[in-house]
2 protein chains.
Amino acid sequence: MITGKNYIGNQLSANGNKVFKTFNPLLNIENQWEITEASTDEVNQAVELAAEAFKTYSKISGVKKAEFLRAIAEEIETLGDELLEVYSSESGLPKGRAVGERGRTLGQLRAFADHIEEGNWVAASIDTAQPERKPLPKVDLRKMNVALGPVVVFGASNFPFAFSTAGGDTAAALAAGCPVIVKSHPMHAATGEMVSSAIIKAAEKTGMPNGVFSNLNSSGIEIGQALVQHSKVKAVGFTGSIRGGRALFDLAAKRKEPIPVFAEMGSVNPVVILPEALQKKYKTLAKTYSNSITMGAGQFCTNPGLIIGVKSEGLTNFVNALAEDIIKEEPSCMLHPNIIGAYETNKTAALSQKGLKVLAGYEDDVKVNHAKQVVTAVEGDIFLNNPTLHHEVFGPFSLVVQCDNINQLEQIISNLEGQLTGTIISDGNEIGKYTTVVNALQSRVGRIIFNGVPTGVEVCPSMLHGGPYPASTDSRFTAVGVDSIKRFVRPFSFQDWPNELLPEELKNENPLGISRLVNGKNSKDKI
Amino acid sequence: MITGKNYIGNQLSANGNKVFKTFNPLLNIENQWEITEASTDEVNQAVELAAEAFKTYSKISGVKKAEFLRAIAEEIETLGDELLEVYSSESGLPKGRAVGERGRTLGQLRAFADHIEEGNWVAASIDTAQPERKPLPKVDLRKMNVALGPVVVFGASNFPFAFSTAGGDTAAALAAGCPVIVKSHPMHAATGEMVSSAIIKAAEKTGMPNGVFSNLNSSGIEIGQALVQHSKVKAVGFTGSIRGGRALFDLAAKRKEPIPVFAEMGSVNPVVILPEALQKKYKTLAKTYSNSITMGAGQFCTNPGLIIGVKSEGLTNFVNALAEDIIKEEPSCMLHPNIIGAYETNKTAALSQKGLKVLAGYEDDVKVNHAKQVVTAVEGDIFLNNPTLHHEVFGPFSLVVQCDNINQLEQIISNLEGQLTGTIISDGNEIGKYTTVVNALQSRVGRIIFNGVPTGVEVCPSMLHGGPYPASTDSRFTAVGVDSIKRFVRPFSFQDWPNELLPEELKNENPLGISRLVNGKNSKDKI
């Protein structure tokens, strides 16, 4: 049952006096549920509860936390089709996508459960004492990762499951030992409440402290600001726009005690097609990229918004084929009238730039809130000198930059802002001739792809989802994969600490059997 | 020979028109050398050169970088006694300390050389492709740490070798593959130039690109500000005051592209003496702490500035013994008249606080620029309610807080700002009764010590030198030990990248024989 209330720990609460409704973009009507915004009091209650819960939750064993994460996954599954229907009614995304994204979300929770159950992630390091060392004796030092404190997670509009309530940020923070307060995304607040109920049930079933999780509704920015400014909040996870992410980063940096904000923001995901590939593979490439550009109405942070090549017969053939293919794709419904509104505004702004040509745009009538895709082209020198063209147009939009030569192409790449991904399309070994292009691209991105598409972010240990600013606020961490747990921990050293009082991970006996760095060598042995 | 010039890469340069001199606090006279401040042009030249050097230096093998680091250590040794004399003349620190600190600095450089030669630090992770996976094939992903870009290092006043020109920050950044621009500390600019000359010689001998290292002189704040604001600088290392560190952090956070500032700042390093320990060991403790408080004129960031106990006969005995012992310690020369001036000012400010009692202070005449130690005491409730008393007095100063009971002691700890270290003094097992005190202390510090002193920072992998703000600006990283390399790297993913074009660390053949995470399991095997 959807109540529209907030979860302050395991209590439903609705003390605020502002209400709002979510929107069904497919039917173009408001959804029925009345959502009550959290009040400032409720923000404080949730954070105080989280800070109290932190004292015990941060010390709970990996095995117990893993039980909790797996129970969350189970409880989400138990919500069954109703959850999928609410998801679709608040996002316009089809059932297949809902099933897939739920699968990914459950997979993430279980991957973190395995990760913390295995236990190596704490990066235990032990340097034993040398009391006889000259000129000074050496003390015993033992270090491991410990949880940072309460974490605030902002749900993302474009992934109501995988980057929201029980998404990657929440799973990573809970796995690390940090209580989580979710600032629910206003576009899918009912989905958020259902998922929250699953988390609360799982917490109760597995005996987690009250306050390990809270969920706050809000349609404005005040609740999010209050959370980021609260002195007991120790880190923030965010997925969304550059403007939103930067505002939170700035707030957090101005605090008396600054805290890290991990914001995964915009990206145009440049794709460089090398000359021989253009010549030989332009037909297949046009098909592949028509599909990648329009997939999910282009509402992915890894959507290929920029395709770059050197002028040639190959490039001309490619843009013609792309123009032909892109209009064959079926337009999709966007998440919300505000999202399609922003798409239209940004598209119009881009199209009004001098020198931008429309290669092809979908022109037939479409259903309400469905986005018409468009691909455009521009000369290299015009692109270089117009920063507006470097900005993301969130939606099924792409821009082909036609360079005079490879030097100009390299210059364009070097002048791009930071990106989540960069792609090189090469015919066999021709890439070997373009080392400087590859190096330039590498310095601007977090993940580099060979002969593929940037859409599709594999959840695995070797994934890096992030990149130089403004792709993310901190290129040193990933937002996807088990290594994202590193965002929410700090290393901590015990000096000459009595063995019986050390955490299990650092005891001489190595009761958890984890891999540790002992006097500089990896070992699972006892000491 | 000391020229007083800057190093812009391997060129001596002195285009600025401001000059200054360093000061010999022992003799109370200016040193002879005329130091020329860097100009804004020289700042830009150094950064541009570093950005250019980054392109090649970031891709140089660990073995070659290790050669460079070892050559720096050798060249510093070659400078022999002259370097030690210049060091002492600019710091007032005795020859024994100079020799010890040089040893530590050479040790750090060599430890980093071993670390990058071994190569495991890149944290290579490989997930191989599964082309047959359903519903979607799995791509090949390979991740490793890569260098961030040019790093600015601010030399510290209190460690002219170990935390300055070729100190921990510089060694870590160079090891990571980042060119370094040092903003030399104005109190020991000549020492800085000599050490810089060693680095430049080493760079030339081992074939490193020009610009891998620069050294800029400055007696004000403008040069440092210009460096932190330069768009091609990607990270900052700093050791010094909270005011200085926070100012740099704020500047960096306001940039168009924010960059990380790793500032290791102030700490009062609370020491909790438990009741039985006070009763049984007060005499030894008083001696140990008299020594720790006055060591090196208290000019260590881990100096014990705060000692906390519950009122008892034991505590009374302890403060009496401490008062007796502390005045027996020989006062030492401080680094600079400005430092002793600040010590006197801060001491006076503390002593003027209501309720603060002087337990003992050195009263005999001392040589010029020598600091008179003082220990003070205050009641728990007065301390709790006066934040001024929580601030560091940099120098041989300590405050004993006398609590009414253990609850008040715990409350005091919970209300402390972030600290580098916390120490618990326990008689045998009594610590087992004070879990909440230990947990409270753990949440405020980066390193917790059992029955020891906070001074003395062992350089080893398990050391964590840092802590919650304001001990450092980022508690997630250490400033000491090989793990400090993690401050200057970001993880980077290659997707479906051709084996022959991958870095050695990620190639199927594992030519470097490093330990890698392959499909989730640690392995040194080929793929």
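Given the structure is predicted, the values throughout are model-derived calculations rather than measurements.

Participant: Help me understand the overall build of chain A, please; the structure alone is not making it clear to me.
Facilitator: Helix and strand counts for chain A come out as 14 helices and 23 strands. By the compact-globule yardstick of 24 Å for 527 residues, chain A fits well, its C-alpha radius of gyration being 25 Å. Summarising its shape, the C-alpha atoms of chain A cover approximately 75 × 65 × 40 Å along the three principal directions. Each of the 527 residues in chain A was classed as buried or not, and the buried ones make up 58%. Look at the contacts in chain A between residues 6 or more apart in sequence, and 75% of them connect residues 24 or more apart.

Participant: Which parts of the structure should I look at to understand the interface of chain A and chain B?
Facilitator: Note on interface size: it is often stated as the accessible area lost on association of the parts. Counting from both sides, the interface comprises 47 residues of chain A and, opposite them, 47 residues of chain B. Ranked by residues supplied to the side of chain A that touches chain B, first place goes to strand S21 (residues 489-495) of chain A with 6 residues. Tallied by class, residues from the side of chain A that touches chain B come to 22 nonpolar, 14 polar and 11 charged. As paired elements, S21 of chain A and strand S20 (residues 445-450) of chain B share 3 bridges and run parallel to each other.

Participant: Teacher, can you tell me more about the pairing of strand S15 (residues 306-310) of chain A here?
Facilitator: For a regular strand, side chains alternate in direction, first toward one face of the sheet and then toward the other. Residues and elements named next belong to chain A. With 5 of 5 residues buried, S15 lies mostly within the body of the structure. Residue alternation in S15 divides its side chains into two sets, Leu 306, Ile 308 and Val 310 and Ile 307 and Gly 309, and both sets are buried. As judged from the 3 bridges shared by strand S14 (residues 270-273) and S15, these two strands associate in the parallel manner. Along S15, the bridge assignment pairs Val 271 with Ile 307. Since S14 and S15 lie parallel, the crossover through helix H9 (residues 275-294) that links them has a hand, and here it is right-handed. Bridge analysis of S15 against strand S18 (residues 397-403) gives 5 bridges, and the strand direction is parallel. Looking across to S18, one finds that Val 310 is bridged to Cys 403.

Participant: Explain the relation of the copies chain A and chain B here, please?
Facilitator: In summary, the two copies of the chain are related to each other by a rotation about an axis coupled with a shift along it. With an RMSD of 0.0 Å, the fit of chain A onto chain B corresponds to turning through 180° and sliding 0.0 Å along the axis. When the rotation and shift are considered jointly, the pair of chain copies conforms to a two-fold rotation axis. For chain A, the residue whose C-alpha comes nearest the rotation axis is Ala 253 of chain A, separated from it by 3.3 Å. Taken as a fraction of all interface residues of chain A, those also at the interface in chain B reach 100%, which identifies the copy contact as same-surface.

Participant: Help me out: how do you make sense of the sheet that holds S14 of chain A in this one?
Facilitator: The strands making up a sheet associate through hydrogen bonds between their backbones, and the pairing can be parallel or antiparallel. The 12 strands are arranged S16(A)-S17(A)-S18(A)-S15(A)-S14(A)-S19(A)-S20(A)-S21(B)-S8(B)-S7(B)-S22(B)-S23(B) in an open sheet whose pairing can be described as mixed. Bordering the open sheet on either side are strand S16 (357-361) of chain A together with strand S23 (521-523) of chain B, each of which pairs with just one other strand. Ignoring strand direction, the axes of neighbouring strands in this sheet form an average angle of 25°. As defined by bridge partners, S16 of chain A adjoins strand S17 (residues 374-379) of chain A across 4 bridges and the pair is classed as antiparallel.

Participant: What should I look at first to understand the nonpolar core in this one?
Facilitator: It is characteristic of soluble globular proteins that their nonpolar side chains tend to be buried jointly. Core analysis: the largest hydrophobic core is formed by 310 residues, its most contacted members being Leu 69, Ile 72 and Phe 488 of chain A together with Leu 69, Ile 72 and Phe 488 of chain B. When near neighbours in sequence (up to four residues on either side) are disregarded, Leu 69 of chain B contacts Leu 109, Phe 112, Ala 113, Ala 171, Leu 174 and Ala 175 of chain B.

Participant: Would you mind showing me how to read the packing of helix H13 (residues 406-414) of chain A against helix H14 (residues 435-442) of chain A here?
Facilitator: Each packed pair of helices is defined by two parameters, the angle between the axes and the distance between the axes. Residue and element names in this part refer to chain A. Across the interface, H13 lies against H14 with an axial gap of 8 Å and an inter-helix angle of 15°. What the angle tells us is that H13 and H14 run roughly parallel. Where H13 crosses over H14, the two elements pack in a sense that is left-handed. Residues Ile 406, Leu 409, Glu 410, Ile 413 and Ser 414 of H13 pack against Thr 436, Val 437, Ala 440 and Leu 441 of H14. The class makeup of the residues in the contact of H13 with H14 is 6 nonpolar, 2 polar and 1 charged.

Participant: What am I meant to see in the pairing of strand S12 (residues 235-239) of chain A here?
Facilitator: Residue and element names in this part refer to chain A. Most of S12 sits out of view: 5 of its 5 residues are buried. Side chains Ala 235, Gly 237 and Thr 239 of S12 all project onto a buried face; the interleaved residues Val 236 and Phe 238 project onto the opposite face, where all are buried too. Handedness of the crossover joining S12 and strand S13 (residues 261-264) through helix H8 (residues 242-254): right-handed.

Participant: Please clarify how the environment of Leu 216 of chain A should be interpreted in this entry.
Facilitator: Residues and elements named next belong to chain A. Within the secondary structure, Leu 216 is located in strand S11 (residues 213-216). Overall, the presence of 29 C-beta atoms within 10 Å leaves Leu 216 in the buried class. Along the chain, Leu 216 and His 185 lie 31 residues apart, while their C-alpha atoms are 9.2 Å from each other.

Participant: Quick question: what am I supposed to make of helix H2 (residues 62-78) of chain B here?
Facilitator: Along an α-helix, residues three or four apart share an orientation, since each turn contains 3.6 residues. Residues and elements named next belong to chain B. A rise of 1.5 Å per residue sets the reference length of H2, with its 17 residues, at 24 Å; its end C-alpha atoms lie 24 Å apart and thus fit the reference within 8%. For H2, the complete set of buried residues consists of Gly 62, Lys 65, Ala 66, Phe 68, Leu 69, Ala 71, Ile 72, Ala 73, Glu 75 and Ile 76. Its buried side turned inward, H2 meets helix H4 (95-118), helix H5 (168-176) and helix H6 (189-205). Following H2 by one or two positions, Gly 80 adopts a phi angle in the positive range, close to 55°.

Participant: Any chance you could explain the packing of H4 of chain B against H5 of chain B here in plain terms?
Facilitator: All names here are of chain B. Packing of H4 against H5 brings their axes to within 9 Å, and their N-to-C directions diverge by 20°. When the interaxial angle is binned, H4 and H5 end up roughly parallel. Crossing geometry of H4 relative to H5 is assigned as right-handed. Between H4 and H5, the contacting residues are Gln 108, Leu 109, Phe 112, His 115 and Ile 116 on the first element and Gly 168, Ala 171, Ala 172 and Ala 175 on the second.

Participant: Quick question: what am I supposed to make of the environment of Asp 404 of chain A here?
Facilitator: Residues and elements named next belong to chain A. Mapped onto the elements of the fold, Asp 404 is located in the loop between S18 and H13. Of the residues examined, Asp 404 has 12 C-beta atoms within 10 Å and is grouped as exposed. For the pair Asp 404 and Gly 309, spaced 95 residues apart in sequence, the C-alpha to C-alpha distance is 8.9 Å. For Asp 404, the contacting residues outside a window of four places in its chain are Lys 311 and Gly 380.

Participant: Can you help me understand the domain arrangement of chain A in this one?
Facilitator: Residues and elements named next belong to chain A. When the domains of chain A are assigned, the result is domain 1 (6-18 + 31-129 + 147-265 + 478-487) and domain 2 (270-450). For domain 1 versus domain 2, the distance between C-alpha centres works out to 33 Å. The interface of domain 1 with domain 2 comprises 7 residues on the first partner and 10 residues on the second. Partitioned by chemical class, the residues of the side of domain 1 that touches domain 2 number 1 nonpolar, 4 polar and 2 charged.

Participant: In this structure, what is going on with H13 of chain A? I would like to understand it.
Facilitator: Taken together, the buried positions of H13 of chain A are Gln 408, Leu 409, Glu 410, Ile 412 and Ile 413 of chain A. Among the structural elements, S14, S15, helix H12 (380-384), S18 and H14 of chain A are those in contact with the buried residues of H13 of chain A.

Participant: Looking at this model, I keep getting lost on the confidence of the model for chain A. Mind explaining?
Facilitator: As a note on interpretation, predicted positions should not be read in detail where pLDDT is low. Looking at chain A as a whole, its pLDDT mean stands at 97, while 100% of the residues score no less than 70. Prediction confidence for the complex, expressed as pTM and ipTM, is 0.97 and 0.97 respectively.

Participant: Which parts of the structure should I look at to understand unusual backbone geometry?
Facilitator: A negative phi holds for most residues other than glycine; trans holds for most peptide bonds. Note the cis peptide between Tyr 469 of chain A and Pro 470 of chain A, where omega equals 5°. Within the secondary structure layout, Pro 470 of chain A lies in the loop between strand S20 (445-450) and S21. For the bond running from Lys 134 of chain B to Pro 135 of chain B, omega is 0°, close enough to zero to count as cis. If you trace the backbone, Pro 135 of chain B turns up in the loop between strand S7 (125-127) and strand S8 (141-147). In the Ramachandran plot, Ala 297 of chain A falls in the positive-phi region, its phi being about 55° despite a non-glycine side chain. Turning to its location among the elements, Ala 297 of chain A is positioned in the loop between H9 and S15. Positive phi is not limited to glycine here, since Asn 519 of chain B has a value of about 45°. Along the polypeptide, Asn 519 of chain B turns up in the loop between strand S22 (516-518) and S23. With 14 C-beta atoms counted inside 10 Å, the residue Asn 519 of chain B sits in the partly exposed group.

Participant: How should the sheet that holds strand S16 (residues 357-361) of chain B be read in this particular structure?
Facilitator: The mixed open sheet is built from 12 strands, whose spatial order is S23(A)-S22(A)-S7(A)-S8(A)-S21(A)-S20(B)-S19(B)-S14(B)-S15(B)-S18(B)-S17(B)-S16(B). For this open sheet the edge positions go to strand S23 (521-523) of chain A together with S16 of chain B, each flanked by a neighbour on one side alone. Looking at each pair of strands side by side, their axes are set apart by 25° on average, direction ignored. Relative to S21 of chain A, strand S8 (residues 141-147) of chain A runs antiparallel, the two sharing 7 bridges. Looking at S21 of chain A, one finds that Val 146 of chain A is bridged to Arg 490 of chain A. Relative to S20 of chain B, helix H14 (residues 435-442) of chain B is tilted by about 140°, and along the sheet it contacts strand S14 (270-273), strand S19 (419-425) and S20 of chain B.

Rules behind the numbers
Residues numbered from 1 in each chain as written. Chains lettered and ligands numbered in written order. Predicted model: local features only at pLDDT ≥ 70, side-chain atom pairs only at ≥ 80, totals over all residues. Helix = DSSP H or I, 4+ residues; strand = E, 2+ residues; numbered from the N terminus. Rg over C-alpha atoms; globule rule 2.2 N^0.38 Å. Buried ≥ 20, exposed ≤ 12 C-beta atoms within 10 Å, placed from the backbone. Contact = placed C-beta atoms within 7 Å. Nonpolar A, V, L, I, M, F, W, Y, C, P; charged D, E, K, R; others polar. Pairing = 2+ DSSP bridges. Right-handed = clockwise from strand over helix to strand, strands pointing away. Least-squares fit on C-alpha atoms with pLDDT ≥ 70 in both. Axes fitted to C-alpha atoms, helices over the stretch in contact; angles between N-to-C directions. Core = buried A, V, L, I, M, F, W, Y, C linked by C-beta atoms within 7 Å. Parallel < 35°, antiparallel > 145°, perpendicular 65-115°, else oblique. Left-handed = near helix turned anticlockwise from the far one by under 90°. Expected span 1.5 Å × (residues − 1). Domains from an automatic or database assignment. pLDDT = per-residue confidence, 0-100.

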